Amino acid sequence: MDEPLPGPFGQVALDSAAMPGSVALVGAGEFLPVMADLDRRLLAAVGSSRPRVAILPTASYPDGEDVFLRWAAMGIEHFRSLGAEVEAVMVRDAADARDPANAQAVGEADLIYLSGGNPEHLLRVLAGSPVWASALQAHARGATLAGCSAGAMVLAGRQVRLRRRLLFRPTWDEALRIVPGIAVLPHYDRFPEPLAALMALQAPRGIAVLGIDEDTALVGRDGTWQVEGRARVTVWRGRHRERLRTGDLFRP
């Protein structure tokens, strides 16, 4: 049995032969200097002198090719500056998610990062794909899965979807279930909290709704989570609201 892993992952005794990797749920701020300290810790935790990072800017593709390429370039520049070997895996759509070369690139990574954009598009592209199967295999051997904004939403058990004509009656789609039992509301400090409370009351039974502020993350492994970053995480369980700040621990 390995020594307990310190820092944002909590004091959890890890068996490296059997324990899946860490998960980081980020409210917003991917690839920006404000998140550099957290990303350094994520890289250090994988235990490689030159960790491999796979950036998936997939969620941004509905906003256009220029936006997609910009997020890819930002991810490469950010993680290179932190000493990692970085590749942007250019998965735009379901066809790209079936490409064996893309699946191989993801499968070889030590940190797989899903950046922000359109969560419905990201979920449609990844669910059941060879690229996602490779991500799961990498995670099972210890690679970290990180998602920011839309990326954090799809890693949860449920993904909330707001419809323009029925804004106050959200749907709760089955997500990728890396973190079952939760749904994520990113950019929470820009979100009207009365609407968040109304949404939380409509969440499926057993689902905790996590509002993650910008430049803030919830990082966990083996069921223990810790808040990192400049602001806070708000946990809704029905009508009950709990505020968590940097350093606070959380169990879904």
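Since this is a predicted model, take the numbers as computed values, not measurements. (Residues numbered from 1 in each chain as written. Predicted model: local features only at pLDDT ≥ 70, side-chain atom pairs only at ≥ 80, totals over all residues. Heavy atoms only, no water.)

Participant: So what exactly am I meant to see when it comes to the packing of aromatic side chains here?
Facilitator: How two aromatic rings sit relative to each other is given by the distance of their centres and the angle of their planes. Under the defined criterion, the tally for this structure stands at six aromatic pairs. Between Tyr 61 and Phe 68 the ring centres are 5.6 Å apart and the planes differ by 80 degrees, which places this aromatic pair in the edge-to-face class. Of the residues examined, Tyr 61 reaches a relative accessible area of 30% and is grouped as partly exposed. Residue class for Phe 68 comes out buried when judged on its relative accessible area of 0%. Relative to Phe 191, the ring of Tyr 188 lies with its centre 6.3 Å away and its plane at 10 degrees, an arrangement referred to as stacked. On the accessibility criterion, Tyr 188 (4% relative accessible area) is buried. The structure contains a cluster of three or more aromatic residues connected by ring pairs, namely Phe 31, Trp 71, Phe 79 and Tyr 113. (Phe/Tyr/Trp six-rings, centres within 6.5 Å; stacked < 30°, edge-to-face > 60°. Buried < 20%, exposed > 50% of the residue type's maximum accessible area, 1.4 Å probe, protein only.)

Participant: Can you help me understand unusual backbone geometry in this one?
Facilitator: Generally, phi is negative for residues other than glycine and the peptide bonds are trans, each holding for most cases. Backbone geometry at Arg 177 places phi at a positive 65 degrees, although glycine is not the residue there. Positive phi values are uncommon outside glycine, yet His 187 reaches one of about 50 degrees. Of note, His 187 is situated in the loop between strand S8 (179-185) and helix H8 (193-201). Take His 187: its relative accessible area is 29%, and that puts it in the partly exposed class. (Helix = DSSP H or I, 4+ residues; strand = E, 2+ residues; numbered from the N terminus.)

Participant: Before we go on, may I ask you to explain helix H1 (residues 36-45) in this structure?
Facilitator: By the burial criterion, the buried members of H1 are Ala 36, Leu 38, Asp 39, Leu 42 and Leu 43. Angularly, the buried residues of H1 cover 160 degrees about the axis, an arc narrow enough to put them on a single face. Looking at the residues trailing H1, positive phi occurs at Gly 47, about 80 degrees. (Arc of directions from axis to C-beta.)

Participant: Which parts of the structure should I look at to understand the environment of Val 125?
Facilitator: Note that Val 125 resides in helix H5 (residues 119-126). Considering only alpha carbons, one finds Val 125 and Ala 36, 89 residues apart in sequence, at a separation of 28 Å. When residues no more than four places from it in sequence are discounted, the contact partners of Val 125 are Thr 58, Val 91, Arg 92, Asp 93, Ala 94 and Ala 97. (Contact = heavy atoms within 4.5 Å.)

Participant: Is there a simple way to think about the environment of Gly 238 in this case?
Facilitator: Mapped onto the secondary structure, Gly 238 falls in the loop between strand S12 (232-237) and strand S13 (240-245). What makes Gly 238 partly exposed here is its relative accessible area of 29%. In the structure, Gly 238 is positioned 36 residues away from Gln 202 in sequence and 7.9 Å away in space, judged by C-alpha atoms. For Gly 238, the residues in contact, after removing those within four places along its chain, are Ala 200 and Leu 201.

Participant: For this particular structure, what's the right way to read the pattern of salt bridges?
Facilitator: Any two side chains of opposite charge can pair, on the condition that their charged atoms come close. Taken as a whole and judged by the stated rule, the model has 14 salt bridges. Linking Arg 177 and Glu 174 is a salt bridge whose minimum nitrogen-to-oxygen distance equals 3.5 Å. Judged by relative accessible area, Arg 177 falls into the partly exposed class, the value being 42%. Judged by relative accessible area, Glu 174 falls into the partly exposed class, the value being 45%. Within this structure, Arg 52, Glu 85 and Glu 108 form a network of salt bridges that share partners. (Salt bridge = Lys/Arg side-chain N within 4 Å of Asp/Glu carboxyl O.)

Participant: Got a minute to help me understand the nonpolar core in this structure?
Facilitator: The nonpolar side chains of soluble globular proteins are, as a tendency, buried together. One finds Leu 25, Ile 112 and Leu 210 to be the most contacted residues of the largest nonpolar core, which totals 58 residues. Formed by 22 residues, the second largest nonpolar core is a distinct cluster that contains Phe 31, Leu 43, Phe 79 and Ala 84. (Core = buried A, V, L, I, M, F, W, Y, C linked by side-chain atoms within 4.5 Å.)

Participant: Explain the layout of surface pockets here, please?
Facilitator: Take a probe with the size of a water molecule and roll it over the atoms, and the empty space left behind shows itself. What the largest pocket holds in volume is close to 260 Å³. Around the largest pocket, the lining comprises 14 residues; the ones closest to its centre are Gly 117, Pro 119, Glu 120, Met 153 and Val 160. Listing elements by their share of the lining of the largest pocket, those giving two or more residues are H5, helix H7 (150-155) and strand S6 (156-163). At three residues, the largest contribution of residues to the lining of the largest pocket is made by S6. (1 Å grid on protein atoms, 1.4 Å probe; cavity = no way out; pocket = protein on both sides within 12 Å on 5 of 7 lines; lining within 4 Å. Points joined across faces, edges and corners; volume = space filled by probe spheres on them.)

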